[in-house]
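Tertiary structure, described
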Amino acid sequence: ADSVWAQGEAAVLPYAPELFPPHLSGAVCGFSITGDTLYFVREDSGAQRLVLYQALRARGKWTKVQPLPFSGVYNDQGARLTPDGKRMYFTSDR
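The structure presented is a predicted model; accordingly, all values stated were derived computationally and were not measured.

Moving on: the sheet that holds strand β6 (residues 61–67). Reading across the sheet, the 4 strands line up as β3-β4-β5-β6 and stay open at both edges, with antiparallel pairing between neighbours. Bordering the open sheet on either side are β3 (26–31) and β6, each of which pairs with just one other strand. For this sheet, the mean inter-axis angle between neighbouring strands, taken without regard to orientation, is 30°. When strand β5 (residues 49–58) meets β6, the two strands line up antiparallel, connected through 5 bridges. If you follow Y53 over to β6, its bridge partner there is P67.

As structure tokens, this is what we get:
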């Protein structure tokens, strides 16, 4: 996250506020090798669970936010991509 100085103290600016509204818990899990796909976890407050998502970068904005096809039924979190970007490991309560 970026930071700015306000009255002598550092204030943290949220990363990708379009993906992480302040009323929902969420975290970045990783980026594709090319950097144009972001994987993240975000709270689904209606379903009361954590869901893994992907978003695509276009014209400086994260767009086309979609849950990953295997996520959404159970709590899925803590995802990490392998260095080659071919696999994702995550924890789940399934």
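Attention shifts here to the pattern of salt bridges. Applying the stated criterion across every chain, the model contains 1 salt bridge. Put simply, D76 and R94 hold a salt bridge, and the shortest N to O gap is 2.9 Å. Placement of the pair is D76 in strand β7 (residues 76–81) and R94 in the segment after β8 (88–92), with a sequence separation of 18 residues.

The rules behind the values
- Residues numbered from 1 in each chain as written.
- Predicted model: local features only at pLDDT ≥ 70, side-chain atom pairs only at ≥ 80, totals over all residues.
- Heavy atoms only, no water.
- Pairing = 2+ DSSP bridges.
- Helix = DSSP H or I, 4+ residues; strand = E, 2+ residues; numbered from the N terminus.
- Axes fitted to C-alpha atoms, helices over the stretch in contact; angles between N-to-C directions.
- Salt bridge = Lys/Arg side-chain N within 4 Å of Asp/Glu carboxyl O.

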